[in-house]
Amino acid sequence: MTQPWRTVAHFVAEPPEPLWRDALAARLGQRPRRIGTWAELALYGARRCLDLAGETSLPPGAALRVASLFGPNSATRSSVEQCRSGLPMPFGFLQSQPSQMLAALSQHLGWQGDARFVACRDAEAVLALLQREADHPTGLLLGWVEEGNEARGLPMRSEWWRLLPPA
């Protein structure tokens, strides 16, 4: 049986603090531009988790995974509405793409490497899959991000784990 990965930091914002966007801008030294709420929420949680781990950036060789049940829900709805009235606006459409969140994380975490978005209902299943597939000597940064869905009773959430492989 394989040894479990070690959790070196865990950050939960469910929901995030009222002024979380201001806290993110202060931490980054500027407001993130041209990314949607969901990507900002991912960046907020990832940055806070790395701070708790005592890391200024995600080390080379680490993997980055972000999971969500709904993804960038409001940006997707906005883009669909724009399609109904003509062509979607370029930034609106881009904000509906999970890859833009991964690019923002890479930029603001000072990292390049293996990044993936997973649409899933079960966080434990995602973690188990990642630990089986990953051969990342400097570990994983795993996040679960939801921008909230009042109709379904889901709060805004950004939960992150910084994991290291067994010694």
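Structure's up top.
Summary of the structure given here. (Residues numbered from 1 in each chain as written. Predicted model: local features only at pLDDT ≥ 70, side-chain atom pairs only at ≥ 80, totals over all residues. Heavy atoms only, no water.)

**Side note on the pairing of strand β4 (residues 140-146)**
So, point 1. Of all 7 residues in β4, 7 are buried, a share of seventy percent or more.
So, point 2. In β4, alternate side chains face the same way, and those of Leu140, Leu142, Trp144 and Glu146 on one face and Leu141, Gly143 and Val145 on the other are all buried.
So, point 3. Looking at chain direction, strand β2 (residues 63-68) and β4 are connected through 5 bridges and run parallel. Residue Val66 lies in a different strand from β4, and its bridge partner there is Gly143.
So, point 4. Both β4 and strand β5 (residues 157-164) contribute to a ladder of 7 bridges, which runs antiparallel. Paired with Leu140 across the two strands is Leu163, which belongs to β5. (Buried < 20%, exposed > 50% of the residue type's maximum accessible area, 1.4 Å probe, protein only. Helix = DSSP H or I, 4+ residues; strand = E, 2+ residues; numbered from the N terminus. Pairing = 2+ DSSP bridges.)

**Topic: the pairing of β5**
So, point 1. Within β5, 7 of the 8 residues are buried, leaving the element largely enclosed by the surrounding structure.
So, point 2. In the sheet, strand β1 (residues 6-13) pairs with β5 via 7 bridges, with the strands oriented antiparallel. For Val12, the partnering residue across the bridge sits in β5 and is Glu159.

**Quick look at helix α2 (residues 37-53)**
So, point 1. With 17 residues, α2 ought to run about 24 Å at 1.5 Å a step, and its terminal C-alpha atoms sit 24 Å apart, in line with that.
So, point 2. Counting buried positions along α2 yields 12 of 17 residues, so the element is predominantly enclosed.
So, point 3. Every buried residue of α2 is listed here: Trp38, Ala39, Glu40, Leu41, Ala42, Leu43, Tyr44, Gly45, Ala46, Arg47, Cys49 and Leu50. (Expected span 1.5 Å × (residues − 1).)

**Some details on the nonpolar core**
So, point 1. Grouped together as the largest cluster of nonpolar side chains are 28 residues, with contacts concentrated most on Leu64, Met101, Leu105, Leu141 and Trp160.
So, point 2. Elements with a contribution of two residues or more to this core: β1, α1 (20-28), α2, β2, α5 (98-108) and β4.
So, point 3. Among the elements that make up this core, the one with the highest residue count is α2 (9 residues).
So, point 4. Residues within four places of Leu64 in sequence aside, it is in contact with Leu58, Leu102, Leu105, Trp111, Asp114, Ala115, Arg116, Leu141 and Trp160.
So, point 5. In terms of nonpolar packing, the next biggest core, distinct from the first, is built from 10 residues, Trp5, Ala67, Leu140 and Leu163 among them. (Core = buried A, V, L, I, M, F, W, Y, C linked by side-chain atoms within 4.5 Å. Contact = heavy atoms within 4.5 Å.)

**Digging into the sheet that holds β1**
So, point 1. Here we have 5 strands laid out as an open sheet, ordered β1-β5-β4-β2-β3, and mixed in their pairing. Each of the sheet's edge strands pairs with one partner strand only, and the pair in question is β1 and β3 (114-119). Mean inter-strand twist for the sheet, computed between neighbouring axes without regard to direction, equals 15°.
So, point 2. Strand contacts of helix α6 (residues 123-133): β2, β3, β4 and β5, with the helix running at about 155° to β4, the strand carrying the most contacts. (Axes fitted to C-alpha atoms, helices over the stretch in contact; angles between N-to-C directions.)

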